[in-house]
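A look at the structure
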Amino acid sequence: MTALSTPLSRLVGDRTAKALAKLGLETGWDLVRHYPRRYSDPSRLTDFGDLPLGDHVTVNARIVRTSLRPTRKPRTSMLDVTVTDGQGELTLRFFGAHGYLASSERRLYAGRVGLFTGTVENFGGKRMLKNPGFEFFDAEDEEDRAAALERMSRPTPIYAATAALPTWRIRGAVQTVLEPLDESDVPDPVPAEILERDGLPTLREALRLVHAPRTEEDWQLGRRRLRYEEAFVLQTALAVRRAEAEAEAATAREAREGGIRDAFTARLPFTLTEGQQEVVAEISRELARPWPMQRLLQGEVGSGKTVVALLSMLQVVDAGGQAALLAPTEVLAAQHARSIRAMLGPLAEAGMLGGAEDATRVELLTGSLPAAARKKALLAAASGEAGIVIGTHALLSEGVQFADLGLVVVDEQHRFGVEQRDALRAKAAVTPHLLVMTATPIPRTVAMTVFGDLETSTLREIPAGRSGIRTFLAPSGHPRWAQRTWELAREEIDDGGRVYVVCPRITSEGDDVEGEFLEDPDAADGAPAGGGGPGATGTAAPAGGNGKPQLAAVDEVAAILREHPALAGLRIGELHGRMTPEEKDTAMAAFASGEAPVLVTTTVVEVGVDVPEASVMVIMDADRFGISQLHQLRGRIGRGSRAGTCIAWTTAKEHTPAMTRLRAFEATTDGFELAQVDLEQRREGDILGAAQSGRGSSLRLLRVLTDTKVIEQARWDARKIVDRDRTLAAYPALGQAITEQLDPERAEFLDRT
Ligand code: ADP
Ligand code: MG
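Residues numbered from 1 in each chain as written. Chains lettered and ligands numbered in written order. Predicted model: local features only at pLDDT ≥ 70, side-chain atom pairs only at ≥ 80, totals over all residues. Heavy atoms only, no water.

Although it is not a glycine, Arg 75 adopts a positive phi angle of roughly 60°. For Asn 131, which is not glycine, the phi torsion reads 45° and is therefore positive. Looking at the secondary structure, you find Asn 131 in the loop between strand E6 (126-130) and strand E7 (133-136). Look at Asn 131 and you get partly exposed, because its relative accessible area is 39%. (Helix = DSSP H or I, 4+ residues; strand = E, 2+ residues; numbered from the N terminus. Buried < 20%, exposed > 50% of the residue type's maximum accessible area, 1.4 Å probe, protein only.)

Spatially, E16-E21-E20-E17-E19-E18 is the arrangement adopted by the six strands of the open sheet, whose pairing is parallel. For this open sheet the edge positions go to strand E16 (469-475) and strand E18 (572-575), each flanked by a neighbour on one side alone. Neighbour to neighbour, the strand axes of the sheet diverge by 20° on average, direction disregarded. In terms of strand pairing, E16 meets strand E21 (residues 644-650) through seven bridges, oriented parallel. (Pairing = 2+ DSSP bridges. Axes fitted to C-alpha atoms, helices over the stretch in contact; angles between N-to-C directions.)

Next up on the list: the nonpolar core. Of all hydrophobic cores here, the largest spans 39 residues; its most connected members are Phe 264, Met 313, Leu 344, Ile 388, Ile 390, Leu 407 and Leu 435. The greatest single-element share of this core, amounting to nine residues, is contributed by helix H12 (residues 305-318). Leave out the neighbours within four places in its chain, and Met 313 touches Ala 323, Leu 325, Ile 340, Ile 388, Leu 407 and Val 409. With 30 residues, the next largest nonpolar core counts Tyr 228, Phe 232, Leu 238 and Ala 737 among its residues. (Core = buried A, V, L, I, M, F, W, Y, C linked by side-chain atoms within 4.5 Å. Contact = heavy atoms within 4.5 Å.)

Scanning all chains against the criterion turns up nine aromatic pairs. Relative to Trp 481, the ring of Phe 472 has its centre 6.3 Å away and its plane inclined at 50°; by these criteria the two rings are tilted. For Phe 472, a relative accessible area of 29% translates into the label partly exposed. Seen from their ring centres, Tyr 500 and Phe 591 are 4.7 Å apart, and the 45° between their planes marks the pair as tilted. With a gap of 91 residues between them, Tyr 500 in strand E17 (residues 498-502) and Phe 591 in helix H19 (residues 581-593) connect regions that are remote in the sequence. Accessibility expressed as a relative area gives 0% for Tyr 500, which makes it buried. (Phe/Tyr/Trp six-rings, centres within 6.5 Å; stacked < 30°, edge-to-face > 60°.)

Across the protein chain, the average pLDDT comes to 82, with 84% of residues at 70 or higher. This stretch, residues 516-548, has a pLDDT under 50; its non-local contacts, to residues over four places away or in other chains, come to 75 contacts. For residues 684-697, every residue scores under 50 in pLDDT, and the model assigns this stretch 37 contacts once sequence neighbours within four places are set aside. (pLDDT = per-residue confidence, 0-100.)

A word on the pattern of salt bridges. Taken as a whole, this structure holds 29 salt bridges when the rule is applied. Arg 242 is the partner of Glu 455 in a salt bridge, and the nearest nitrogen-oxygen pair spans 2.8 Å. With Glu 455 in strand E15 (residues 455-459) and Arg 242 in helix H9 (residues 216-247), the pair connects residues that are 213 residues apart, well separated along the chain. In this structure, Lys 376 and Glu 363 form a salt bridge, with 3.6 Å as the shortest nitrogen-oxygen distance. Taken together, the positions of Lys 376 in helix H14 (residues 371-383) and Glu 363 in strand E11 (residues 361-365) put the pair 13 residues apart, joining distant regions of the chain. Beyond isolated ion pairs, a larger network of salt bridges with shared partners links Arg 33, Asp 188, Arg 225 and Glu 229. (Salt bridge = Lys/Arg side-chain N within 4 Å of Asp/Glu carboxyl O.)

Here we come to the sheet that holds E11. With respect to topology, seven strands assemble into an open sheet ordered E11-E12-E10-E13-E14-E9-E15, the strand pairing being parallel. Each edge of the open sheet is held by one strand with a lone partner, namely E11 and E15. Ignoring which end each strand starts from, the neighbouring axes of this sheet average 20° apart.

With that out of the way, let us pick up the pairing of strand E3 (residues 76-84). Burial within E3 is extensive, with eight of its nine residues counted as buried. One ladder, built from eight bridges, connects strand E2 (residues 56-70) with E3; its direction is antiparallel. Residue Leu 68 lies in a different strand from E3, and its bridge partner there is Leu 79. Between E2 and E3, which pair antiparallel one after the other, the connecting turn spans five residues, and Arg 75 there sits at a positive phi close to 60°. Relative to strand E4 (residues 89-97), E3 runs antiparallel, the two being bridged by nine bridges.

Here we come to the packing of helix H10 (residues 260-267) against H12. Interhelical geometry of H10 versus H12 gives an angle of 150° and a closest axis separation of 8 Å. One element, H10, and the other, H12, form an angle in the roughly antiparallel class. Judged by residue contacts, Ile 260, Arg 261, Phe 264 and Thr 265 of H10 engage Val 307, Leu 310, Leu 311, Leu 314, Gln 315, Val 317 and Asp 318 from H12. (Parallel < 35°, antiparallel > 145°, perpendicular 65-115°, else oblique.)

Rendered as structure tokens:
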């Protein structure tokens, strides 16, 4: 046990350890990894311009004057200390026993510069720090002068702190732990040859540089090294994962001429884009190797990933194996089953009258299947009769068996974690090949961080013949917009089109929002929460019992549209997550066939649903949806030859983050551009969290979005090492770091699912 693994109570004493525990710091390691949030230059005062109410702040300021006076309570006084940042002033207000405050006042004399820390409070319209903690740079007495001068010239680390534990006590605790350590106490996960190559300090040295820098260059160098380390440890973990999977054997599934795949290709009503052909060929080669393919297929919404997946699955079927397609929702799984059966036609009718000679079977297996249908599907999967089994995560459950699972395709990966991928793969006796598809365009470095164990292919083109989508933002409830919207819907429907109307909620009563939903966007600026009714009159929806305007709900909007003159005589369908799978299926089918050409729905249609005739989408309370969700939603229209129109209704005000999102959404249909805006608005942890990687919190300094070069270099270095030494036998500190930093979170993640 190294000094750093020791509980903090043994290192810094019980009292401090208790306070540190409140910050989530338990061991020496935790403490030295609690890096300063910023550095204060003692010679530069903190700008008071931006001290948000309620924030715990630490300011570097000069004392201007003090005033001590009694309060109404006996023996209690109030000491006001006015400090300046050189321009503005801020009051520090101390309450306490008179004698105590009088002695404080002697230390708090005018001209003295120090750090003051406390929570910004509002006292009669003025910002103040109440009973702040303080520390001075200059000396209390003559002997300390030299030390003080030296201290004055150094950057002071400022830590994320609490009222009970000001930043200087954390600094003290860190020094107590750090100072006695020598190199051997701090095993370095980064190999010496890399440090040497890049001129980086060891871990021990880097910790000293960030916690006790002498100069700005010191902490910058320290942080540079720690940032690299984060990228490197993560990339090594991913490289090991990849290497381990590759070291396993898989069954080679070679393409067979004249098989079902060729028959299907001949049936295709369109030619594949060049991009699709390339990816299909790439996958085809990898399926034919005796070790598992591990590939991520990224492609813009509507780029035609499904057909690529299907061709890959058919190659496996041709080779005598089975393929499983995993979808994130029942609606999507059912749709995949429907459209894949339709595309295959007689090729999916093995054993049936009119079935083709080479035919296979496509089974759907979801959680809410009636017992009989479930039994039939399970049997078909286990016997191998079903060449393709499509399902939701129900496919992961025990009891689902395959005769010879050769390929796992995961659609819309962002809903599945690594662990779920593994669970499905574990269902095969021999590791199956893996194809992961995601429509959320994610920047390269994010892909490298979240899916770093996969090789990536990207479909860049959208198949020809698409006519594009126009997007408009409309003020919710505005009568002319409302009228125009429903008239346009009518025109499109009369011309053979279909219309989606997307609402955040299911019913007008109750808190039944559906999907990944923004609770209270921009609450700070007081933007009203939604409230646009769809009525032609333009009246906003009624306020809820709590006085907040209501968000549009499926039942309510459907009812209003059924009465709307512009839509007279049309059947209005409904779709949401509370319906049974059969109800959902029926609703989708009625919409697809045109029987019910208007579908009022929640975000259950967000992912992957494909109705080529759909040409209009109206999104109610659009500000309530995240940008990638909006992009996914909009991807449901303009999929056929019919040009799409998306009308996003909103009450968001200009210059709010919500409006920034919506403006970007209006301006472009380029998913990569939108992803960038999305990421800029999110916090780092959320980015990785959104991908359910469960790794977010091991990254303290690394910024996935901006530290591109670091991540790329680290990935390259990691792969080189793992190629040579898959078990990391020669790199014990690195192996240790992977286990310690990544595994606890992985365990935690598993607990949560
Ligand atoms: P996504 O990549 O979003 O999953 P899909 O696979 O659902 O996209 O494809 C969108 C639509 O484009 C489908 O209707 C599909 O049949 C069609 N499609 C796919 N490839 C082509 C192509 N090469 N030419 C024309 N249409 C295509
Ligand atoms: Mg899709």
